[in-house]
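Tertiary structure, described
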Amino acid sequence: MLKQLQQMQTRMAKMQEDLESATVSGSAGGGAVEVTVNGHQKVLAVNIQAEVLEEGAEMVADMVMAAVNDALDRSRDLAAQQMGSITAGLGLPPGLI
């Protein structure tokens, strides 16, 4: 059991490194606004097409917010998938980790 926990700890450390370098993107406005985040949910880039800026500040803000939320959702899904692969077969109750 102790050996299993040590192996899991090693795999989790590796997963944390992998998540830091993994990137996902979210978009809004049909791709007019795109936000890229890493697996630690840190925003790495925001790209806004020039035409969007003509829509007005409120519209731009709404699109950026939607794109950020989309990217963060994708990042959380990525982290959950990787965590699931590490904890699979441990027999832990759902939601424990």
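Check the entry above for the structure.
Described in the following lines is the structure provided in the data block. (Residues numbered from 1 in each chain as written. Predicted model: local features only at pLDDT ≥ 70, side-chain atom pairs only at ≥ 80, totals over all residues. Heavy atoms only, no water.)

Overview of the overall build of the protein
How we decide: Helical segments are the DSSP runs of H or I of at least four residues, strand segments are the runs of E of at least two, and each set is numbered from the N terminus. The classification of residues rests on relative accessible area computed with a 1.4 Å probe and restricted to protein chains. Under 20% of the type maximum is buried, over 50% is exposed, and intermediate values are partly exposed. Throughout, a contact is declared for two residues whenever any of their heavy atoms are within 4.5 Å. Every accessible area reported is derived by Shrake-Rupley at a probe size of 1.4 Å, with residue values counting cover from the shown protein chains alone.
Along its length, the protein carries two helices and three strands. For the protein, the α and β elements follow one another from N to C terminus as α-β-β-β-α. Among the 97 residues that make up the protein, the fraction classed as buried is 27%. Sequence-distant contacts, at least 24 apart, represent 50% of the contacts inside the protein between residues at least 6 apart. For the protein, the accessible surface area stands at approximately 6400 Å², while carbon and sulfur atoms represent 54% of it.

Overview of the pairing of strand 3 (residues 43-48)
Let me state the cut-off plainly: A pair of strands is treated as paired once DSSP finds two or more bridges between them.
Of the pairings in the sheet, the one linking strand 2 (residues 33-38) to strand 3 comprises five bridges and is antiparallel in character. Each residue of the ladder has a partner; that of Thr36, found in strand 3, is Ala45. Where strand 2 hands over to strand 3, the hairpin turn is made up of four residues, of which Gln41 adopts a positive phi near 60 degrees.

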